[in-house]
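# Residue-level structure breakdown
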Amino acid sequence: MRITFVASEVGNGMRRNLTMTLAVIITVAVSLGLFGASLLVRAQVSTMKDFWYDKVEVSIFLCGKGSDTPSCSGGPVTVAQRDQIKADLESLKPIVESIYYESQAEAYDRFKEQFKNSPIVDNVSAGALPESFRVKLSDPTKYDVVASAFAGRPGIEQVNDQRQILDKFFRLLGGLQLIALLIAIAMLIVTVLLIVNTMRVAAFSRRRETSIMRLVGASNFYIQLPFLLEAAFAAGAGALLAIGSLVLMKAVVVDGVLAPSFQFTAFVGWDAVLTIAPLMLITGVLLAGLAAFFTLRKYLRV
Amino acid sequence: MILFDRVTKLYASQQRPALDELSLEIEKGEFVFLVGPSGSGKSTFLRLILREELPTRGSVWVAGKDLGKLSNWKIPTLRRQIGTVFQDFRLLPNKTVAENVAFALEVIGKPKSHIKKVVPEVLEVVGLEGKEQRRPDELSGGEQQRVAIARAFVNRPMLLIADEPTGNLDPATSVGIMKLLDRINRLGTTVVMSTHDSAIVDQMRRRVIELEGGLLVRDQSRGVYGYAR
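For clarity, every value in this text was computed on a predicted model and none was experimentally measured.

## Some points on the overall build of chain A
Each helix and strand counted, chain A has nine helices and four strands in total. Its C-alpha atoms give chain A a radius of gyration of 31 Å, more than 25% over the compact-globule value 19 Å for 302 residues. Along the longest, intermediate and shortest principal axes, the C-alpha atoms of chain A span 100 × 40 × 30 Å. Counting every position in chain A, which comprises 302 residues, the buried fraction comes to 42%. Of the contacts formed within chain A by residues at least 6 apart in sequence, a portion of 82% connects residues at least 24 apart. Of the roughly 16100 Å² of accessible surface on chain A, 66% is carried by carbon and sulfur atoms.

Now the structure itself:
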């Protein structure tokens, strides 16, 4: 094995095929970057789910003076009804993790706090906000159990699951992630095709050399190695660019812009980047290897 | 050295076989001319020896090996024992004479020290000393063919296949090339040469194998190009 000879062959080949090599590097970078970004969004969604599902509650709003749902036709909730609801909630443990009663006065205080900069506070009186039970579930997906047991019961105006509101948001993010992933897959296919074509052109432009190599008895490995190395080098360079842009995305967009402006939620950590980066590198090398394998078998046979 | 045992070669696109039940043997150290009109099967014959093709029926033996049973990864080993020269030289235009010869050794992984030693030696054998740093386009046709022969011979092959090596050369230059091939043959290498050059065949008086339509029509030791004796 003559390393310097193989290296100079690779160098010559890439110089001769410079524009194609650049095209491969850029396509690999863009497609893998998109692939990595979509994985990062998925990691972000799961981080946010963990963060928010921990905090979501089911709110059971009790009938107040102004309630007009059918279950409130009996007027504001009575003390007996309220105690019964509380007792029934207690009986649902361990699905129900904790129960917190919020009185009208507390609801009003919280409302004032939440909208302290808004003129809306002046239009709302303490009596207008319903009293409620805030129920935290051990498993947020078991919302149906609570809803079916309490919705429509006399004295209860509404059973409200915060998770449903979050789910809409997560579905939106999930959809975006899916679109990004689909585009990434399309791009990855384009990348494979481009690598195949690049290697075809390379094989064609070096057909004199390879035909002589075959004649004098160079092994397949020796004939194909320069092509494989070229593909691996281009794919590796593209993957490194993509990983660099992922790191930049995390450092600038997530840590620099999003995290300071949206402090109420959690963002992906560097551990996600650390798991995604090797995945991108492996995908890139695998794609190049796959493309190279098929091309070389077809165009560089003994 | 070479044994063809009832070899038939059919190409998918042709009805008539390129070689038809051909049987013959070439001994070690022989110098053999392969003659016959275009399309008579000469190229197929040579391609079968190089294991660029497999026979449709029958078997080809080279250097004691049945090529039909040779596994793919052993083909390079076979070809390292065979030197090949073509009508169109097949040199690399962007490499010098010495680099062209060295290329054949580099790609089979020979060490640099070995290459440094044998390349000047073989260039001397073919009479190109002093022209090591020229490029192919700075050489005459005869000199280019000498480079190709040097490249084919640098590994000291047991067998040299020459496919119309003088086809692009004028008669005087051809004589020089034939002298060189004769010298290589005397060094112990079996030479199989296809040619249309009757003057050369008549002059050399070596074994002549004539093919026509894929059939062996003549196998004559110390023969001439045509039927005239």
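Don't stop here, the text continues.
## Re the sheet that holds strand E9 (residues 207-212) of chain B
Residues and elements named next belong to chain B. Strand order in the open sheet formed by six strands is E6-E7-E8-E3-E9-E10, with mixed pairing between adjacent strands. Each of the sheet's edge strands pairs with one partner strand only, and the pair in question is strand E6 (82-86) and strand E10 (215-220). Direction aside, neighbouring strands of the sheet carry axes that sit 15 degrees apart on average. Bridge count for strand E3 (residues 31-35) against E9 is four bridges, and the pairing is parallel. Looking at E9, one finds that Val-32 is bridged to Arg-207. Strands E6 and strand E7 (159-163) of the sheet are contacted by helix H5 (residues 141-153), whose axis makes an angle of about 165 degrees with E6.

## Structural notes on the domain arrangement of chain A
Much of the literature gives interface size as the accessible area that the parts lose upon coming together. Taken domain by domain, chain A comprises domain 1 (2-52 + 167-299) and domain 2 (56-162). The gap between the C-alpha centroids of domain 1 of chain A and domain 2 of chain A is 52 Å.

Here is what the cut-offs are and how they apply
- Residues numbered from 1 in each chain as written.
- Chains lettered and ligands numbered in written order.
- Predicted model: local features only at pLDDT ≥ 70, side-chain atom pairs only at ≥ 80, totals over all residues.
- Heavy atoms only, no water.
- Helix = DSSP H or I, 4+ residues; strand = E, 2+ residues; numbered from the N terminus.
- Rg over C-alpha atoms; globule rule 2.2 N^0.38 Å.
- Buried < 20%, exposed > 50% of the residue type's maximum accessible area, 1.4 Å probe, protein only.
- Contact = heavy atoms within 4.5 Å.
- Areas by Shrake-Rupley, 256 points an atom, 1.4 Å probe, with all protein chains shown as cover.
- Pairing = 2+ DSSP bridges.
- Axes fitted to C-alpha atoms, helices over the stretch in contact; angles between N-to-C directions.
- Domains from an automatic or database assignment.

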